[in-house]
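# A closer look at the structure
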Amino acid sequence: MKRLPAIFLLLLFCLIPLAAAAEESYTFDPAETEKKPYHVGGYVEFKPVLYGLDRDSAFYKLRFFDNPQGRNLVEANGKIQLEGSYEKSIFRVYGKTNTDLKASYSGESERSTFYELYGSAKPLSNLKFDVGKKTMKWGKGYAWNPAAFVDRPKDPDEPEQAMEGYILATADYIKSFDGPLKTFSFTPVLFPVYDHVNSDFGNNNHLNVAGRFYFLLYDTDIDLMFLTGGSKPDRYGADFSRNITTNFEVHGELAYVRNVVKNVLDASGNRHQTEGEAISYLIGLRHLTSFDLTTIIEYYHNGAGFSEDEMKNYFGLINKGYDAYRSTGNTALLGNALQMAEGGYGRSNAMTDYLYVRLSQKEPFNVLYFTPAVTGMMNLCDGSFSLTPELLYTGITNWEFRLRTGVIVGARNSEFGEKQNDYRIELRVGYYF
Amino acid sequence: MKKLLLIGLLIVSAACPAFAIDGKALLEQVDRNLSPESYESYRKLLNIEPSGAKKEFTLFTVKKGVDKVASLFIAPASEKGRSTLRLGDNMWLNIPNIGKPIRITSLQSVVGGVFNNADILQLDYTAEYDVEKVDEQGKEYLLYLKAKTKTVAYDKLKIWADKVKKLPTKIECLTEKDMLIKTIYFKDVKDFGGGIVRPAVIETDSPLYKGYKSVMIMAKVKKKTFKDEVFTLTFMPNLESLR
């Protein structure tokens, strides 16, 4: 438990003098601009977290029913990302690995994987082919992307974090024009889902086809996208983004999904499936004041989300299961609840309507590279919310320091009120090399 | 008769605006002397704090025509791979981790410090400004510029330009109410080859950031043409392939 954080701290602080030394130079040697055919780089992160547990909440009971904890829980997280590329002629190979390390109450764990590993060919300046594991990241939303059909779900708590891709084949064709339509591009995607290939995406043994059409029309970014093929229900989407003025941007995203199958619980705790179409959408804005305060506001409707009653039924199942475990030792109901969590109830933002607000003030009091921010996320169905103030400093070349706290507020049977924590305090120290 | 004609011509010549400076043509010449219409270059940006602490960024930049500019960060490691694109009033930032270009505004700064996005993704001055008047001040012209639209970062500019070299020496960026936002100084005129002779160092300070200074150093400025497709959102992650 104590070894991992110690190794990380040692590694990070050994690297600090290198960063300081790099700042001595004041000249621009043209040799700095020479391009090499290869590139190697990476990122190391150390993130200790203190959780203040809510021992009466449903998700605390579900996670710790057989291993009760005190009021607080300390966790040390580490991350190592390595990336490299090699380029020759029209060909390029790119890879990025990710290793997550965790030391917590349950012991130490490590998970390593390739986030991306693909080969590219670029026969023309307006045509490119990629084959391999890649993140596509479609959509214009900051916190949510309902139209990102070929990506893993984004974590709205860390929307700028690198994500793991899927194995696919894709191309980009670009065409520019004079006139109101300035750019058109088409991105077709072949998306196989078989045993050992994207098997966590959906139903196996399907070769899915997806695509995105992009238009820059009347100074507005517009995308139209689709996914079909059998691994997931067919879906169609659109998004837009436009600057109304130099400091005011609006964006939106829409996804229509046919035949969404949802596992829900009724008031008696019985599981059943519902099937129907779902429309999810997001509308947002980004605004910058003359004193450098950036505001991001997004409203998100999750058409496939659970209603307040469906969520209450789920919390009821957990509480019933917990009582049964306490009185008889029987874990059947809690096992059922764990399965339902994986099936959707345990996802972040599993309900239908949310509001996201982020305010960040760049360099207040003329302190360069210092950005305090506060982020709020509210479940509009039950009024519960989380509030996350943070302080970010990037003043030392290649280093990033972020101190963040998260406070969760909500009544019993509300989404945020039933999360396992009341609050969270975390420090993130990152170094790029 | 000849004397009368001569006197008449002299009077007309003195009164006629034939010798008045054509502000638009002068500004176009300043633009072209600063850079070819289409080019590639490398730039190092330095943010210098009052304590003397510095932070450096290195960018590869390509420009085409009057309203297309794209830049790629090649250092430091924390910024490497980030790219910015400007098409007229539209600006985007592509961060590899986020994976998709997000719209940014001209007044924000992707590097922090005194330079904002409009300074880093500078278009031709003639694309964004009209010349209101030109004064002569010894060895320099003083051009008074007014933004063509409200979407331009600075409402007014005052450009001091060397009369012989037709290159700027100083620019004051002002609000509509003549409040000074920043001053840009052009220094160290250098021959980059291919007929490009221009200042290699651009310094800026601002009363809004007292004691802070940002510096831009130019290198390898070269005439080069690019396809329009290079200046698109879809191409942003591939800018490295142009180097």
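So, here is what we can say about the structure in this document. Because the structure is a prediction, the values reported are computed rather than measured.

The helix and strand tally for chain A stands at four helices and 18 strands. The burial tally for chain A puts 49% of its 433 residues in the buried class. Just so you have it, chain A exposes about 20100 Å², and 59% of that area is on carbon and sulfur atoms.

The next point concerns the overall build of chain B. Looking only at helices and strands, chain B has four helices and 13 strands in total. Taken across its 243 residues, chain B has 57% of its residues classed as buried. Relative to all contacts within chain B whose residues are 6 or more apart in sequence, the contacts with residues 24 or more apart total 45%. Carbon and sulfur atoms form 57% of the exposed surface of chain B, whose accessible area is close to 10300 Å². Each charge sign in chain B was given a centre, from 40 positive and 30 negative side chains, and these centres are 2 Å apart.

This part covers the environment of serine 85 of chain A. Along the chain, serine 85 of chain A falls in strand S2 (residues 72–88). The residues touching serine 85 of chain A, leaving out its near neighbours within four places in the chain, are Pro37, Tyr38, His39, Arg92, Val93 and Tyr94 of chain A.

In this section: the packing of aromatic side chains. Residue and element names in this part refer to chain A. By the definition in use, this model includes 26 aromatic pairs over all chains. A ring pair is formed by tryptophan 144 and tyrosine 356, whose centres lie 5.9 Å apart and whose planes are at 80°; its orientation type is edge-to-face. Here tryptophan 144 is found in the loop between strand S5 (127–134) and strand S6 (166–176), whereas its partner tyrosine 356 is found in strand S14 (residues 353–361), with 212 residues between them in sequence. Of the two residues, tryptophan 144 and tyrosine 356, neither departs from the other in class, the shared state being buried.

Here we take up the side chain of threonine 294 of chain A. On the secondary structure map, threonine 294 of chain A appears in strand S13 (residues 293–301). Overall, the relative accessible area of 12% leaves threonine 294 of chain A in the buried class. Every residue in contact with threonine 294 of chain A, bar those within four places of it in the chain, is listed here: Arg286, His287, Leu288, Arg358, Leu359 and Ser360 of chain A together with Gln108 of chain B.

Parameters and conventions
Residues numbered from 1 in each chain as written. Chains lettered and ligands numbered in written order. Predicted model: local features only at pLDDT ≥ 70, side-chain atom pairs only at ≥ 80, totals over all residues. Heavy atoms only, no water. Helix = DSSP H or I, 4+ residues; strand = E, 2+ residues; numbered from the N terminus. Buried < 20%, exposed > 50% of the residue type's maximum accessible area, 1.4 Å probe, protein only. Areas by Shrake-Rupley, 256 points an atom, 1.4 Å probe, with all protein chains shown as cover. Contact = heavy atoms within 4.5 Å. Lys, Arg positive; Asp, Glu negative; His and termini not counted. Charge placed at Lys NZ, Arg CZ, Asp CG, Glu CD. Phe/Tyr/Trp six-rings, centres within 6.5 Å; stacked < 30°, edge-to-face > 60°.

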